[in-house]
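# Overview (structure and organization)
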Amino acid sequence: MEKPICPKCEHSKIVKSGIVGGRQRFKCKKCSYHFTVNKLGKSIDKYYVVKALQLYVEGISYREIERILGVSHVSVMNWVKQYKIKAPENYDYRPTYKVLNHTELVKYMAQKENLTDTGMLITELGDKFMIIKWERFRNR
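Residues numbered from 1 in each chain as written. Predicted model: local features only at pLDDT ≥ 70, side-chain atom pairs only at ≥ 80, totals over all residues. Heavy atoms only, no water.

### Describing the nonpolar core
Ranked by size, the top nonpolar core spans 15 residues in total, and within it A52, L55, I65, L69, V76 and W79 carry the most contacts. Every element with two or more residues in this core is listed here: helix 1 (46-57), helix 2 (62-69), helix 3 (73-82) and strand 6 (128-135). Examining the composition of this core, we find that five residues originate from one element, helix 1, more than from any other. Formed jointly, this core draws a minimum of three residues from each of two domains, domain 2 (42-90) and domain 3 (91-139). (Core = buried A, V, L, I, M, F, W, Y, C linked by side-chain atoms within 4.5 Å. Buried < 20%, exposed > 50% of the residue type's maximum accessible area, 1.4 Å probe, protein only. Helix = DSSP H or I, 4+ residues; strand = E, 2+ residues; numbered from the N terminus. Domains from an automatic or database assignment.)

### Structural notes on the packing of aromatic side chains
For the coordinates displayed, the defined rule picks out four aromatic pairs. Measuring from ring centre to ring centre gives 5.2 Å for Y47 and Y48, while their planes differ by 85°; the resulting arrangement is edge-to-face. Classification of Y48 by relative accessible area gives partly exposed; the value is 32%. Where Y56 meets Y62, the ring centres are 5.3 Å apart and the plane angle is 10°; that geometry is what we call stacked. Each member of the aromatic cluster is reached from another via a ring pair, and the members are F26, Y33 and F35. (Phe/Tyr/Trp six-rings, centres within 6.5 Å; stacked < 30°, edge-to-face > 60°.)

### Considering the sheet that holds strand 3 (residues 34-36)
The strand order across the open sheet built from three strands is 1-2-3, with neighbouring strands paired in antiparallel fashion. In the strand order of this sheet, the two ends are held by strand 1 (14-20) and strand 3, each with one partner. Neighbour-to-neighbour, the strand axes of the sheet open up by a mean angle of 35°, direction not taken into account. Strand direction decides the pairing type here: strand 1 and strand 2 (residues 23-28), joined by five bridges, are antiparallel. Looking across to strand 2, one finds that I14 is bridged to C28. (Pairing = 2+ DSSP bridges. Axes fitted to C-alpha atoms, helices over the stretch in contact; angles between N-to-C directions.)

Structural data, given as structure tokens:
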């Protein structure tokens with residue numbers, strides 16, 4: 001195990017200072033700060049972070065993002081706060097989305113009625129594709 005550095009002053013002069021809760025405790029010789037080594041938590045691939053933020057910006061709710069990506073809605077909320085993403089304006093409509101494989105996407109795009117009077121975004125989701133669609137020209 002490599003020797004940790006002080007999380008407070010980032011100094012490398014560290015000595016062992018007992019065990020607390022079954023974990024090794026350390027003391028910094030420079031600032032006298034006591035700490036334990038960080039435990040390795042479950043990390044999520046940055047791909048899912050980017051996709052979750054893209055979907056959030058498109059107006060999809062936290063819970064829907066959770067169902068689509070399989071990532072906790074609380075994690076998505078934390079990423080939105082961490083990266084300071086502004087909430088999209090509240091429109092009178094919600095985007096609709098479909099998850100399709102490659103053949104279904106080709107068939108979908110071949111139909112002209114799917115391409116008119118709408119805005120559309122297609123994004124990759126692993127081995128599938130997601131179409132996010134919203135009305136471009138609404139009748140009032």
